[in-house]
Amino acid sequence: LPHQCITMRFRFCGDLDVPDWILVEIAFLSKITSVRIKLLAVELLKGMLGAEVNYAMVTKLTEEDFSESEVRASMAALDWVLRSAAKYDTDDITLSKELQQLGLPKENADSVGRAYRDKKDRLREKLREGSLHLGRLDSVDWRVDYVLDSSTARDLNVPTVQLRLNLVDAPGMPGKSTHGFEVAADKFEMLLHELRAARALMDNVS
């Protein structure tokens, strides 16, 4: 492949470079007719959406062109391309153009794009359902308490921070939930420092 394909950035990869193994498999996918590659893409999309994949048909469509190992590698590459395109909300026209830039014939690239377009919204929803959900922080309540004495010591005068996190749709807890805990003053200072550092990194990325 031309050197420029290696250094370009692609929308379906999240504006990053394309993995080398995908570039290798594009060469194999270029050998399949546009009709066959669309049928393969449709079968893969069915599997991603939870339906049963007709592997007998997949084998029949590819056995004349590929060995079994080549079929598996090429299907894995096509699967990755479709998932990545949906993940980064790439439209079908852009996906087709970028696949052509990687060396896939226009007819094949357009066929993949059309199959992807028909299932894009459902695929994005399916991927969203399977992604990690951390819930949303609704609000934080806090107060500082002083421990003056304990059963084992007197005149402690030790500050502690009482935190209560109010979450929405936490994992396994749909709706609103509350989580409270106590943090020693030195640990709270460390927590606050790390949270501020994380916020600074996020601001730089955005």
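See the structure shown above.
Keep in mind it's a predicted model, so treat the numbers as computed, not measured.

Rules used throughout
Residues numbered from 1 in each chain as written. Predicted model: local features only at pLDDT ≥ 70, side-chain atom pairs only at ≥ 80, totals over all residues. Heavy atoms only, no water. Axes fitted to C-alpha atoms, helices over the stretch in contact; angles between N-to-C directions. Helix = DSSP H or I, 4+ residues; strand = E, 2+ residues; numbered from the N terminus. Left-handed = near helix turned anticlockwise from the far one by under 90°. Contact = heavy atoms within 4.5 Å. Nonpolar A, V, L, I, M, F, W, Y, C, P; charged D, E, K, R; others polar. Salt bridge = Lys/Arg side-chain N within 4 Å of Asp/Glu carboxyl O. Buried < 20%, exposed > 50% of the residue type's maximum accessible area, 1.4 Å probe, protein only. Patch = residues over 30% accessible without salt bridge, like charges linked within 9 Å, V, L, I, M, F, W, Y side chains within 5 Å. Areas by Shrake-Rupley, 256 points an atom, 1.4 Å probe, with all protein chains shown as cover. Core = buried A, V, L, I, M, F, W, Y, C linked by side-chain atoms within 4.5 Å. Phe/Tyr/Trp six-rings, centres within 6.5 Å; stacked < 30°, edge-to-face > 60°. Parallel < 35°, antiparallel > 145°, perpendicular 65-115°, else oblique.

(A) Geometry of the packing of helix H5 (residues 68–87) against helix H7 (residues 106–130). Running from N to C, H5 and H7 cross one another at 60°; their axes reach a closest spacing of 9 Å. Pair H5 / H7 crosses with right-handed handedness. Side by side, H5 and H7 meet where Leu78, Leu82, Arg83, Ala85, Ala86 and Lys87 of the first sit next to Val112, Tyr116, Leu123, Arg124 and Leu127 of the second. Among the residues forming the contact of H5 with H7, the class breakdown is eight nonpolar, no polar and three charged.

(B) Representation of the pattern of salt bridges within the structure. For the coordinates displayed, the defined rule picks out twelve salt bridges. Measuring nitrogen to oxygen at the nearest pair gives 3.2 Å for the salt bridge that ties Lys46 to Glu43. With Lys46 and Glu43 both in helix H3 (residues 34–48), this residue pair falls three residues apart, about one helical turn. Across the pair Arg143 and Asp145 runs a salt bridge, and its minimum N-O distance is 3.0 Å. On the basis of relative accessibility, which here comes to 48%, the residue Arg143 falls in the partly exposed class. Because the salt bridges share partners, they merge into one network encompassing Asp89, Lys120 and Arg124.

(C) The arrangement of a nonpolar patch on the surface in detail. A surface patch of nonpolar side chains, amounting to about 650 Å² of accessible area, comprises Leu137, Val140, Trp142, Val144, Tyr146 and Leu148. One can find Val140 in strand E1 (residues 136–147).

(D) Main features of the nonpolar core. Ranked by internal contacts, the top residues of the largest apolar core, which has 38 residues, are Phe12, Val18, Leu78, Leu82, Leu95, Leu99 and Leu102. The set of elements that each furnish at least two residues to this core consists of helix H2 (20–29), H3, helix H4 (55–62), H5, helix H6 (92–101) and H7. Among the elements that make up this core, the one with the highest residue count is H5 (eight residues). Not counting residues within four places of it along the chain, the set of residues in contact with Leu82 comprises Ala41, Leu44, Leu45, Met48, Val112, Tyr116 and Leu123.

(E) Representation of the packing of aromatic side chains. According to the stated counting rule, one finds two aromatic pairs in the structure shown. Ring centres of Phe12 and Trp80 lie 6.4 Å apart, and the angle between their planes is 75°; this geometry places the pair in the edge-to-face category. Of this pair, Phe12 sits in the loop between helix H1 (3–7) and H2 while Trp80 sits in helix H5, and the two are 68 residues apart along the sequence.

(F) A look at the packing of H6 against H7. Relative to each other, H6 and H7 sit at 150°, their axes nearing to 8 Å. One element, H6, and the other, H7, form an angle in the roughly antiparallel class. In terms of crossing hand, the pair formed by H6 and H7 is right-handed. Residues Asp92, Leu95, Ser96, Leu99 and Gln100 of H6 form the contact with H7, whose own contacting residues are Lys106, Ala109, Asp110, Val112, Gly113, Tyr116 and Arg117.

Honestly, that's just the spatial picture; any functional story needs more than this.
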